[in-house]
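# Structural features, examined
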Amino acid sequence: MSEAKTVFEMGVREYARTPVLLALLVFLPAYFVLFFTRVIPDRPVPVDVPVQGTMGLEMSSVVAVVMGPMATAFVGGIAGLFLMQSARTVDARLTVVGADLPSILLARAGVLALTVAVAGVVSAGATSVAYVPERPGWFLFATALVGLLYGGIGAVVGLSLNRLAGVYVLMFGPLLDIFLAQSPLTDETHALAPYLPGHYPMRLALDAAFTARIAPANLWPGLAYLLAVGLVASVAFSRRLHAG
Amino acid sequence: MSAGRDRRRMRVGFEMAIREFVREPINVALLVALPPVMITSYGSMMSAFPELSYMSTAPETLGSIAGTLFVAAFLPGVIGLFQVISARRADDRLALAGFPRSALFAARLLAVTLASVLTATLSISVLSTQTAVEAPIPAVLVLAFVGVLYGLLGMSIGTVLPRELEGSLVLIFLADMDEALASGIVDTDSPLTKLFPLHYPHEVFQAAVDGSPIALGDVLAASLYGVVLSVVTLGAYEAVTARGGEGR
């Protein structure tokens, strides 16, 4: 456990040593959400809220609620990608000096979770400036869940592709998933949407934002998806570590 | 004599940039595979949207057009970013060996332009299978232009923020904001959206695809944007690299 703590602290110190990165982690999600809420007019649109059905809501509120989780997904995905890329040589050295795999894995997951938590709090906070969710705690949870899912996917991408290819995938992925496939403005759910990582957390986020009810049917599959992504990332990580 | 030497230097820099890119087959594979995947996915996912009052055309067509512009702009954008970041040390050494900074910059930009032209050609071919493109020549020119525009943006970001994580974060947020605003998928009426790089090219591209007259004002505004960005990027590149790069 002390090994995991040391490796975690090393990872956090690496981030803390780069003030520009810390500033960007706070500024970019906040700017992203707030900018959209400023430029979108307050016009009512019909919106499909999972637990409630169709509701008439202001476009700016809907956009704020969608953009918060999307910003967190971008940060999570890129953080996961570069965490795996930059830690490659360090992790190999750590195993040489006797650190065990679960400790390294736990530490890396901890750094990723902390990054997502910061981005999630900032994004949900920026969303709340434009529209206060009915269930803020659940909205924050859903936002962080999207970020963690994309963080895990970013880690898998970082373990299998190079940086350039990884950035391509993580630039397009959350936009297609969250902005288009899970959009509450759609008439019908796209055939692919239920299989994408953002599906259940976004349903949870929409319910938490616009109603007082939360459907467990959207909570458990989202957590199961996270577990599956976490397992895939762990297996890929341990294979890379063993391969040296 | 000097002109011939400059040309040779440019060629060496350009070949280096290309070799660096194609050394990893996954880069080439994604450059070829992403345009069809993105354009068809965008169109398909947009088909689930209702035709809202502010949309300029049917949602599926709107999606295909937005996806085409997105992929044509951002693939070269990411290449521009990594061209500058990953080649910083090599560029510094080349500069020490007598390569002018402007020749290095031009070689990088030439590589980005080649990627832009390839992506634009492939993207317009894919779009043609989804919807009729009434004016293909202006359409492909706009796509190549947005590729170079985002290539320059990537290079600017890579120059000012020469670390991969920070540079990628900024490019991703900028690109996705720009795309979401220019696409016409969300309703916007703020003049602030006109400051984003894809705003005017999107207007020109939309007109080229649906065959409506292309507004000269949009072409001029997009061109001005390109000129200003070129000057700013070259200025930043020369200023930062002349003092030894990232403060190492």
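Reference entry: report on the structure contained in this document. (Residues numbered from 1 in each chain as written. Chains lettered and ligands numbered in written order. Predicted model: local features only at pLDDT ≥ 70, side-chain atom pairs only at ≥ 80, totals over all residues. Heavy atoms only, no water.)

The partner chain A presents 47 residues to the 50 residues of chain B that form the contact. Across the chain B/chain A interface, buried area totals approximately 4,600 Å², and carbon plus sulfur atoms make up 82% of it. The tally of links between chain B and chain A comes to one salt bridge. At the junction of chain B with chain A, the criterion picks out four residue pairs in polar contact (both at pLDDT 80 or more). (Contact = heavy atoms within 4.5 Å. Buried area = accessible area lost by both parts, 1.4 Å probe. Salt bridge = Lys/Arg side-chain N within 4 Å of Asp/Glu carboxyl O. Polar contact = N/O pair within 3.5 Å; in protein donor to acceptor, adjacent residues only side chain to side chain.)

So, about a nonpolar patch on the surface. On the surface, Ile 214, Leu 216, Val 219 and Leu 220 of chain B cluster together into a nonpolar patch covering about 350 Å² of accessible area. With a relative accessible area of 36%, Ile 214 of chain B lands in the partly exposed category. (Patch = residues over 30% accessible without salt bridge, like charges linked within 9 Å, V, L, I, M, F, W, Y side chains within 5 Å. Areas by Shrake-Rupley, 256 points an atom, 1.4 Å probe, with all protein chains shown as cover. Buried < 20%, exposed > 50% of the residue type's maximum accessible area, 1.4 Å probe, protein only.)

It is worth spelling out the pattern of salt bridges at this point. Counting across every chain of the model gives six salt bridges over all chains. In this structure, Arg 240 of chain A engages Asp 91 of chain A in a salt bridge whose closest nitrogen and oxygen atoms are separated by 3.6 Å. Of this pair, Arg 240 of chain A sits in helix 9 (residues 216-243) while Asp 91 of chain A sits in helix 4 (residues 88-96), and the two are 149 residues apart along the sequence. Exposure remark for Asp 91 of chain A: the relative accessible area of 0% places this residue in the buried category. Across the salt bridge formed by Arg 163 of chain A and Glu 164 of chain B, the nearest N and O atoms sit 2.1 Å from each other. Residue Arg 163 of chain A is found in helix 7 (residues 163-181), and its partner Glu 164 of chain B is found in helix 7 (residues 164-182); the two belong to separate chains. (Helix = DSSP H or I, 4+ residues; strand = E, 2+ residues; numbered from the N terminus.)

Here we take up the environment of Val 240 of chain B. Residue and element names in this part refer to chain B. With respect to the helices and strands, Val 240 occurs in helix 9 (residues 216-242). Here Val 240 falls in the buried class, since its relative accessible area comes to 11%. The spatial distance from the C-alpha of Val 240 to the C-alpha of Thr 159 is 6.9 Å, given a sequence separation of 81 residues.

If you look at the biggest cluster of nonpolar residues, it comprises 149 residues, and the most contacted ones within it are Phe 32 and Tyr 168 of chain A together with Phe 205 of chain B. If you tally residues by element for this core, the top one is helix 3 (residues 59-86) of chain A, at 17 residues. (Core = buried A, V, L, I, M, F, W, Y, C linked by side-chain atoms within 4.5 Å.)

All names here are of chain A. Where helix 5 (residues 101-130) meets helix 6 (residues 136-160), the closest approach of the two axes is 9 Å, and the angle between their N-to-C directions is 140 degrees. One way to sum up the angle between helix 5 and helix 6 is to call them oblique. Taken as a pair, helix 5 and helix 6 cross one another with a handedness that is right-handed. Contact with helix 5, carried on its side by Leu 112, Ala 113, Val 116, Gly 120, Val 121, Ser 123, Ala 124 and Thr 127, involves Phe 139, Leu 140, Thr 143, Ala 144, Gly 147, Leu 148, Gly 151 and Gly 152 of helix 6 and no other residues of that element. (Axes fitted to C-alpha atoms, helices over the stretch in contact; angles between N-to-C directions. Parallel < 35°, antiparallel > 145°, perpendicular 65-115°, else oblique. Left-handed = near helix turned anticlockwise from the far one by under 90°.)

A separate point is the pairing of strand 1 (residues 44-49) of chain A. Residues and elements named next belong to chain A. Of the two faces of strand 1, only the one carrying Val 45, Val 47 and Val 49 is buried; Pro 44, Pro 46 and Asp 48 on the other face are not. In this sheet, strand 2 (residues 53-58) lies alongside strand 1 in antiparallel orientation, the contact comprising six bridges. The residue bridging Pro 44 from the neighbouring strand is Glu 58, located in strand 2. Count of turn residues in the strand 1/strand 2 antiparallel hairpin: three residues. (Pairing = 2+ DSSP bridges.)

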